[in-house]
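# Chain and residue survey
Listed below are the residues making up each chain.
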Amino acid sequence: MTLRKPDETRHDWTVAEIEALFELPFNDLLFCAARVHRQHFRPNEVQVSTLMSIKTGACPEDCKYCPQSGHYNTGLSKEKLQEIEQVLAQAKAAKAAGASRFCMGAAWRSPTAKDMPAVLTMVREVKALGLETCMTLGMLQDDQAEALAEAGLDYYNHNLDTSPDYYGDIITTRTYADRLNTLSRVRQAGMKICSGGIIGMGEQRRDRSGLLQQLAQMKPHPESVPINQLVKVEGTPLENADDLDPIDFVRTIAVARILMPASHVRLSAGRESMDESTQALAFMAGANSIFYGDKLLTTDNPDIDRDKALFAKLGIVPEHRAEPSPGPVGGPSVPRSEPLFYDAMAN
Ligand code: SAM
Ligand code: DTB
Ligand code: SF4
């Protein structure tokens, strides 16, 4: 195995260049993406995160894909913010099952001042279990981002979801600029960014390129890039969206991998309805993170035994944390340590 430095990463991809990647013959695209993947990561390791919904339903936002929006009747029961004991019990179970990161999600437009103390306690106590922490709570103000960083939050998830051009067709209660502002507050506070999107909402290839361009423009790139396949939930405006061609989904993963070579690209929502071959192709295309555990936030995910069997079949092992979590939080962004480059097959 040769160890070497990463190729230079770019932040200036044009939409036309990204569309050209999408149009490559599938084998060429996959080969390119797999090569980039091997230059930056051990190709048979996949990071494993577990999700928990800490506050479910009745969200004031109108995201057309989301079962938790209060604008649609999806039959979901509205729940209050979970108690800390409940969160810790699930975090311990996730750790025992092999997860290295625990992601807590709330159906909020943004957290209120009243919510913050309980949320900060969750960060501190989950982190004390030896897990990486991630939260997704909606839009943040500066002081909220700083407080989360101070409490030790490693990652903040805030997806751009689609291109700037298509955004207004999917969400009308906030703007793309709102989203970008929160992401810059997260970065400013020194946390790692988890940001990606959803494929299969009726968007065109140009929109997928526009989304990936926005993500690749960030400096540094988001450390984690979740690519979700739309989970079609009855009662949401997108319940009858056209089925996504699995090849188009895998192409999106491959292009994300090429644009953001050193980021973890997550094969995120949608695995429950995905066959093993599509998932295997997604790993080949450079996906190296998944949600692990029977539930996402409110919808189903493959159960752990099924994922264990898939990993065994493919020779994939869970990635172990390579570095300690960022030190004194609240400070500047912690520079990414240079990863090891698994180069045995790269050339
Ligand atoms: N309310 C916060 C927000 O929107 O940022 C946090 C929770 S929200 C459920 C987090 C993400 O879940 C969304 O940005 C979206 O990417 C994803 N999501 C929601 N519903 C989905 C669905 N039906 N299929 C795939 N992804 C979905
Ligand atoms: C992300 O990109 N996908 C996750 C997580 N980040 C928060 C959420 C998927 C939600 C799927 C629909 C549900 O289970 O409610
Ligand atoms: Fe609310 Fe987030 Fe769902 Fe949008 S995606 S409705 S903001 S929970």
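Let us look at the structure shown here. The structure presented is a predicted model; accordingly, all values stated were derived computationally and were not measured. (Residues numbered from 1 in each chain as written. Chains lettered and ligands numbered in written order. Predicted model: local features only at pLDDT ≥ 70, side-chain atom pairs only at ≥ 80, totals over all residues. Heavy atoms only, no water.)

### Some points on the overall build of the protein
The cut-off we apply is this: Numbering of helices and strands starts at the N terminus; helices are DSSP runs of H or I of at least 4 residues and strands are runs of E of at least 2. Only heavy atoms matter for contacts: two residues are in contact if any of them lie within 4.5 Å across the pair. For every accessible area listed, the method is Shrake-Rupley and the probe measures 1.4 Å; residues are considered covered only by the protein chains on display.
Check the secondary structure of the protein and you find eleven helices and ten strands. Counting only contacts in the protein whose residues sit at least 6 apart along the sequence, the fraction spanning at least 24 positions is 77%. Approximately 14900 Å² of the protein is accessible, and the part contributed by carbon and sulfur atoms is 51%.

### Topic: the pattern of salt bridges
The condition is simple: A pair is scored as a salt bridge if a Lys or Arg side-chain nitrogen falls within 4 Å of a carboxyl oxygen belonging to Asp or Glu. Only protein chains enter the area calculation, which uses a 1.4 Å probe; residues under 20% of their type maximum are buried, those over 50% are exposed, and those in between are partly exposed.
In this structure the tally under the stated criterion is 16 salt bridges. In this structure, the salt-bridge partner of Asp142 is Arg185, at a minimum N-O distance of 3.1 Å. Taken together, the residues span a long stretch of sequence, with Asp142 in helix α5 (residues 142–151) and Arg185 in helix α7 (residues 176–188) at a distance of 43 residues. Among the residues examined, Asp142 registers a relative accessible area of 43% and is labelled partly exposed. We note a salt bridge from Glu203 to Arg208, for which the minimum N-O separation is 2.8 Å. Both residues of the pair, Glu203 and Arg208, belong to the buried class. Overlapping salt bridges, with partners in common, bring together Arg10, Asp12 and Glu17 in one network.

### Here we look at the site of ligand 3
We apply this condition: Nearness is defined per residue: one heavy atom within 4 Å of the molecule or strand is enough. Charged means Asp, Glu, Lys or Arg here, nonpolar means Ala, Val, Leu, Ile, Met, Phe, Trp, Tyr, Cys or Pro, and polar covers whatever is left, Gly included.
Taken together, Cys59, Glu61, Cys63, Tyr65, Cys66, Ser69, Ala107 and Arg174 make up all the residues around ligand 3. Of the residues contributing to the shell around ligand 3, the split by class is five nonpolar, one polar and two charged.

### Focus on the site of ligand 2
Heads up, the condition is: Distance and chemistry together define a polar contact, namely a pair of N or O atoms within 3.5 Å, with one atom able to donate a hydrogen and the other to accept it when in protein, and with adjacent residues in sequence counting only for side-chain atoms on both sides.
The local shell around ligand 2 holds 13 residues, among which Asn159, Asn228, Leu297, Thr298 and Thr299 are the closest. A distance of 2.9 Å separates an oxygen atom of ligand 2 from a polar side-chain atom of Asn228. Relative to its free-state accessible area of 410 Å², ligand 2 is covered by the protein chains to the extent of 88%. Within the shell around ligand 2, the residues separate by chemical class into six nonpolar, seven polar and no charged.

### What about the side chain of Asp161?
The criterion, for reference: Charged-residue counts in this description rest on Lys and Arg as positive and Asp and Glu as negative, His and the chain ends being excluded.
With respect to the element layout, Asp161 can be found in the loop between β4 (155–157) and α6 (164–170). Buried charge without a salt bridge: Asp161, with Arg179 as the nearest opposite-charge side chain at an N-O distance of 4.2 Å. A distance of 3.1 Å separates a polar atom in the side chain of Asp161 from a polar atom in the side chain of Tyr65. Contact partners of Asp161, with chain neighbours within four places excluded, come to Tyr65, Arg174, Arg179, Gly196, Gly197, Ile198, Met201 and Leu211.

### Focus on α5
Owing to its 3.6 residues per turn, the α-helix brings residues three or four apart onto one side. This is how it is decided: To be clear, the arc concerns the directions from the helix axis to the C-beta atoms.
What α5 keeps buried is the set Gln144, Ala145, Leu148, Ala149 and Ala151. The arc that holds every buried residue of α5, seen down its axis, measures 165°, which confines them to one face. Exposed and oriented more than 90 degrees from the buried face of α5 are Asp143 and Glu150. Buried residues along α5 sit in contact with α4 (116–128), β3 (132–136), β4 and α7. In the segment just after α5, Gly152 is the residue with positive phi, at about 110°.

It is worth stressing that arrangement in space is one thing and function is another; only the former is reported here.
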